[in-house]
Amino acid sequence: MRKKIVAGNWKMNTTVPEGVSLAREVVAKAGEVPSDVKLIVAVPATHLVSVAAVLEGSAVELSAENCADHEKGAYTGEISAAMIASTGATYTILGHSERRQYYGETDEKLVEKARIAFANSLKVILCVGENLEEREAGKHFEVCESQIENVLFKFSAEQMKDFVIAYEPVWAIGTGKTATAAQAEEIHAFIRKTIAGRFGAEIAADMTILYGGSCKPSNAPELFAQEDIDGGLIGGAALKADDFIGIAKSF
Ligand code: 13P
């Protein structure tokens, strides 16, 4: 049985004290969430150590939002997978559309990053998704397929258990425009089929595929009721503990 996951991506929001209070609130309310739903908070690198201390002893797991494409060395300003793992984090997000769009993150770089993340025992939340232009041109299947092939297919069947996929249509991120449950399900099912084509039905059935893009407590129940939607990667709504927990209670 694949895992249900609700992960908050805080992006570049909150100072350390604000992040610590938000994490405290999430931990305080985590007991309201069904026990088969895993909660993850992905926080800015500056927050990892302090938030790890708050999460200790709770079931909430910690993620970075990105990691470097080199093991270590003269890469000023970068943060390595080993550094992230040493804080107690167990995941890193990779390939978020904001990183692809603003920081030139390519599929090739993502392969390197994921390889190093795995070497340091981090699991990877790999984001895929089309932009508005691609959606309007009817290319959404093809875009997601190539992102999956270019990154996921570079790894072994054995490594699939350490990946979570997040489908985030770029046009739905931070815009208030959610993909309809049917639009999201259509792509989720397609991604699962693509994975099955390469790694077999069993591995595809075990893969957690999250939806991200203007997900909130009001629309989460319909999204999470879809066969192939196993939870969410939540941006704006993850900055309020009540909304984040409300979403996680939506299954
Ligand atoms: P919003 O929930 O703010 O649309 O962001 C989604 C997202 O990008 C999560 O990674």
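Structure's up top.
What comes next is a walk through the structure.

### Topic: the overall build of the protein
Part 1 of the argument: A count of helices and strands for the protein gives 11 helices and 8 strands.
Part 2 of the argument: In terms of principal-axis extent, the alpha carbons of the protein reach across some 45 × 45 × 35 Å.
Part 3 of the argument: Taken over 251 residues, the protein has a buried fraction of 52%.
Part 4 of the argument: If you take every contact in the protein between residues at least 6 apart in sequence, the share linking residues at least 24 apart comes to 73%.
Part 5 of the argument: Surface summary for the protein: the accessible area is close to 11100 Å², and the carbon and sulfur share equals 52%.
Part 6 of the argument: Side chains of the protein carry 25 positive and 35 negative charges; the gap between the two charge centres is 2 Å.

### So, the site of the ligand
Part 1 of the argument: Near the ligand you find Asn-9, Lys-11, His-96, Glu-168, Ala-172, Ile-173, Gly-174, Gly-213, Ser-214, Leu-233, Gly-235 and Gly-236, and these make up its full shell.
Part 2 of the argument: Between the ligand and Lys-11, the relevant distance is 2.8 Å, taken from an oxygen atom to a side-chain nitrogen or oxygen of the residue.
Part 3 of the argument: A distance of 2.9 Å is found between an oxygen atom of the ligand and a side-chain nitrogen or oxygen belonging to Glu-168.
Part 4 of the argument: Taking 310 Å² as the accessible area of the ligand by itself, protein coverage stands at 94%.
Part 5 of the argument: For the shell around the ligand, the class distribution of residues is 3 nonpolar, 7 polar and 2 charged.

### Examining helix α11 (residues 241-248)
Part 1 of the argument: Of all the residues in α11, the buried ones are Ala-241, Phe-244, Ile-245, Ile-247 and Ala-248. The buried side chains of α11 occupy one side of the element, clustering within an arc of 155° when seen end-on.
Part 2 of the argument: Of the surrounding secondary structure, the elements contacted by the buried residues of α11 are β1 (4-9), α1 (16-29), β2 (37-42), α10 (220-224) and β8 (231-234).

### Digging into the pairing of strand β6 (residues 163-167)
Part 1 of the argument: Burial within β6 is extensive, with 5 of its 5 residues counted as buried.
Part 2 of the argument: Where strand β5 (residues 123-128) meets β6, 5 bridges bridge the pair, whose relative direction is parallel. Bridge pairing links Val-124 to Phe-163 in β6.
Part 3 of the argument: In terms of strand pairing, β6 meets strand β7 (residues 209-211) through 3 bridges, oriented parallel. Of the residues in β7, the one forming a bridge with Tyr-167 is Tyr-211.

### Some points on the packing of aromatic side chains
Part 1 of the argument: In this structure the tally under the stated criterion is 8 aromatic pairs.
Part 2 of the argument: Here the aromatic rings of Phe-118 and Phe-163 are separated by 5.0 Å at their centres, their planes lie at 85°, and the arrangement is edge-to-face. In this pair, Phe-118 sits in helix α5 (residues 107-119) while Phe-163 sits in strand β6, placing the two residues 45 residues apart along the sequence.
Part 3 of the argument: Assessed through its relative accessible area of 2%, Phe-163 is described here as buried.

### Focus on the side chain of Asn-66
Part 1 of the argument: Within the element layout of this structure, Asn-66 appears in the loop between β3 (61-64) and α3 (81-86).
Part 2 of the argument: Looking at Asn-66, its side chain comes within polar contact range of the side chain of Lys-113, at 2.9 Å.
Part 3 of the argument: Beyond its immediate chain neighbours, meaning those up to four positions away, Asn-66 contacts Ile-84, Thr-92, Ile-93, Leu-94, Arg-99, Glu-105 and Lys-113.

### Digging into the layout of surface pockets
Part 1 of the argument: In this model, the largest pocket occupies a volume close to 650 Å³.
Part 2 of the argument: Met-12, Glu-65, Asn-66, Arg-99 and Tyr-103 are the residues nearest the centre of the largest pocket, which is lined by 23 residues in total.
Part 3 of the argument: Of the residues forming the lining of the largest pocket, the biggest block, 3 residues, is contributed by helix α4 (residues 97-102).
Part 4 of the argument: Looking at side-chain class alone, the lining of the largest pocket contains 13 nonpolar, 5 polar and 5 charged residues.

### Re unusual backbone geometry
Part 1 of the argument: With a phi angle near 55°, Lys-11 is a residue other than glycine that sits in the positive phi range.
Part 2 of the argument: Structurally, Lys-11 is set in the loop between β1 and α1.
Part 3 of the argument: For Thr-14, which is not glycine, the phi torsion reads 75° and is therefore positive.
Part 4 of the argument: Among the structural elements, Thr-14 can be located in the loop between β1 and α1.
Part 5 of the argument: Accessibility expressed as a relative area gives 27% for Thr-14, which makes it partly exposed.

Definitions and limits used
Residues numbered from 1 in each chain as written. Predicted model: local features only at pLDDT ≥ 70, side-chain atom pairs only at ≥ 80, totals over all residues. Heavy atoms only, no water. Helix = DSSP H or I, 4+ residues; strand = E, 2+ residues; numbered from the N terminus. Buried < 20%, exposed > 50% of the residue type's maximum accessible area, 1.4 Å probe, protein only. Contact = heavy atoms within 4.5 Å. Areas by Shrake-Rupley, 256 points an atom, 1.4 Å probe, with all protein chains shown as cover. Lys, Arg positive; Asp, Glu negative; His and termini not counted. Charge placed at Lys NZ, Arg CZ, Asp CG, Glu CD. Near = heavy atom within 4 Å. Polar contact = N/O pair within 3.5 Å; in protein donor to acceptor, adjacent residues only side chain to side chain. Nonpolar A, V, L, I, M, F, W, Y, C, P; charged D, E, K, R; others polar. Arc of directions from axis to C-beta. Pairing = 2+ DSSP bridges. Phe/Tyr/Trp six-rings, centres within 6.5 Å; stacked < 30°, edge-to-face > 60°. 1 Å grid on protein atoms, 1.4 Å probe; cavity = no way out; pocket = protein on both sides within 12 Å on 5 of 7 lines; lining within 4 Å. Points joined across faces, edges and corners; volume = space filled by probe spheres on them.

Geometry only, nothing functional implied.
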